[in-house]
Amino acid sequence: MSSSQKKVIINLAVIGLLVAVVLTLRKLGIAEVLEPEWVDTYIRNTGMQGVALFIGIAALLTGMGIPRQLSAFCAGYAFGAVHGFLAAITAVTLGCICCFWVARLLGQETINRRFPNHLQGINGFLQSSPFQTAMIVRLLPVGSNLATNVVAGVSNIRPLSFVAGSSLGYMPQTLIFSLLGSGVTVEPVLRTSVSAVLFILSSAIGVRLYKKYRLLSSQVEQDA
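Description of the structure in this document. (Residues numbered from 1 in each chain as written. Predicted model: local features only at pLDDT ≥ 70, side-chain atom pairs only at ≥ 80, totals over all residues. Heavy atoms only, no water.)

1. Here we look at the overall build of the protein chain
Reasoning step 1: Within the protein chain, the regular secondary structure consists of ten helices and zero strands.
Reasoning step 2: In sequence order, the secondary structure elements of the protein chain are arranged as α-α-α-α-α-α-α-α-α-α.
Reasoning step 3: Here the protein chain, with 224 residues, has 40% of them falling under the buried criterion.
Reasoning step 4: For the protein chain, the share of sequence-separated contacts (at least 6 apart) that also reach a separation of at least 24 residues comes to 79%. (Helix = DSSP H or I, 4+ residues; strand = E, 2+ residues; numbered from the N terminus. Buried < 20%, exposed > 50% of the residue type's maximum accessible area, 1.4 Å probe, protein only. Contact = heavy atoms within 4.5 Å.)

This is how it looks when you write it as structure tokens:
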């Protein structure tokens, strides 16, 4: 399988994941918070109250594992591309912080005691360059936001470096999906096409940076 085919499969998998999450939420009876009617009623054109409500709910959901791309899409639909991006990046960063600290305060000591060897490898990977590592991981088109936050929380990575790198790494896809969400009501074909192209480009950049970072890390280890 060629690299271009793999990228297409990855992009389709992300879209499929978003669909699966929506269907799951509907079965659980809480999907109404993702419906356009709910957004129209409680979020759009309600001023700062609507913005604060959206950020709070989106932070909670992304902290619990809901895909951050879905939050960005809803933010774009509710507030437009630019303001949606700002609301979404605030929400996913808050969700990251909350999940990280819950894992650190409740799970770090237990994990260190039970799985010291496993955690040693994780710490080695994350602590060599925590800001850059967090940023690159967030740029990748695959991976679990929840799992990354939890693993970082139970590790010894510096909180500020992890959160700052994560926030920066969140930005490209957050902007892309905010733009995609804003296209539901304004220029849908153009904005959807632009979003798809940007998503593929950002994913390719993330994969390339990750491979380059791993290569450099391997060379450093060999030299040491």
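2. Looking at the nonpolar core
Reasoning step 1: Formed by 16 residues in total, the largest nonpolar core has its most connected members in Val 39, Ile 43, Phe 54 and Ile 55.
Reasoning step 2: Of all the secondary-structure elements, those providing two or more residues to this core are helix H2 (36-42), helix H3 (47-63), helix H4 (68-79), helix H5 (81-114) and helix H9 (159-182).
Reasoning step 3: Broken down by element, this core gets its largest block of residues, five residues, from H4. (Core = buried A, V, L, I, M, F, W, Y, C linked by side-chain atoms within 4.5 Å.)

3. A look at the packing of helix H7 (residues 130-139) against H9
Reasoning step 1: For the pair H7 and H9, interaxial distance at closest approach is 7 Å and the crossing angle is 30°. The orientation of H7 with respect to H9, classified from their angle, is roughly parallel. The handedness of the crossing between H7 and H9 is right-handed. Where H7 abuts H9, its residues Pro 130, Phe 131, Ala 134, Met 135, Arg 138 and Leu 139 lie against Ser 161, Phe 162, Ala 164, Gly 165, Ser 166, Leu 168, Gly 169, Tyr 170, Pro 172 and Gln 173. (Axes fitted to C-alpha atoms, helices over the stretch in contact; angles between N-to-C directions. Parallel < 35°, antiparallel > 145°, perpendicular 65-115°, else oblique. Left-handed = near helix turned anticlockwise from the far one by under 90°.)

4. A short note on the packing of aromatic side chains
Any pair of aromatic rings gets described here by the distance separating the centres and the angle formed by the planes.
Reasoning step 1: Under the defined criterion, the tally for this structure stands at three aromatic pairs.
Reasoning step 2: On the numbers, 5.6 Å between centres and 85° between planes, the contact of Phe 54 with Phe 79 is edge-to-face. One end of the pair, Phe 54, is in helix H3; the other, Phe 79, is in helix H4, with 25 residues separating them in the sequence.
Reasoning step 3: Among the residues examined, Phe 54 registers a relative accessible area of 8% and is labelled buried.
Reasoning step 4: Relative to Phe 162, the ring of Phe 100 has its centre 5.3 Å away and its plane inclined at 25°; by these criteria the two rings are stacked. Here Phe 100, found in helix H5, pairs with Phe 162, found in helix H9; they are 62 residues apart in sequence, far enough to count as distant. (Phe/Tyr/Trp six-rings, centres within 6.5 Å; stacked < 30°, edge-to-face > 60°.)

5. Re the state of the cysteines
Reasoning step 1: For the structure shown, the criterion picks out zero disulfides.
Reasoning step 2: Lacking any disulfide linkage, Cys 96 is separated from the closest cysteine sulfur, that of Cys 99, by 7.6 Å.
Reasoning step 3: Overall, the relative accessible area of 1% leaves Cys 96 in the buried class. (Disulfide = S-S within 2.5 Å.)

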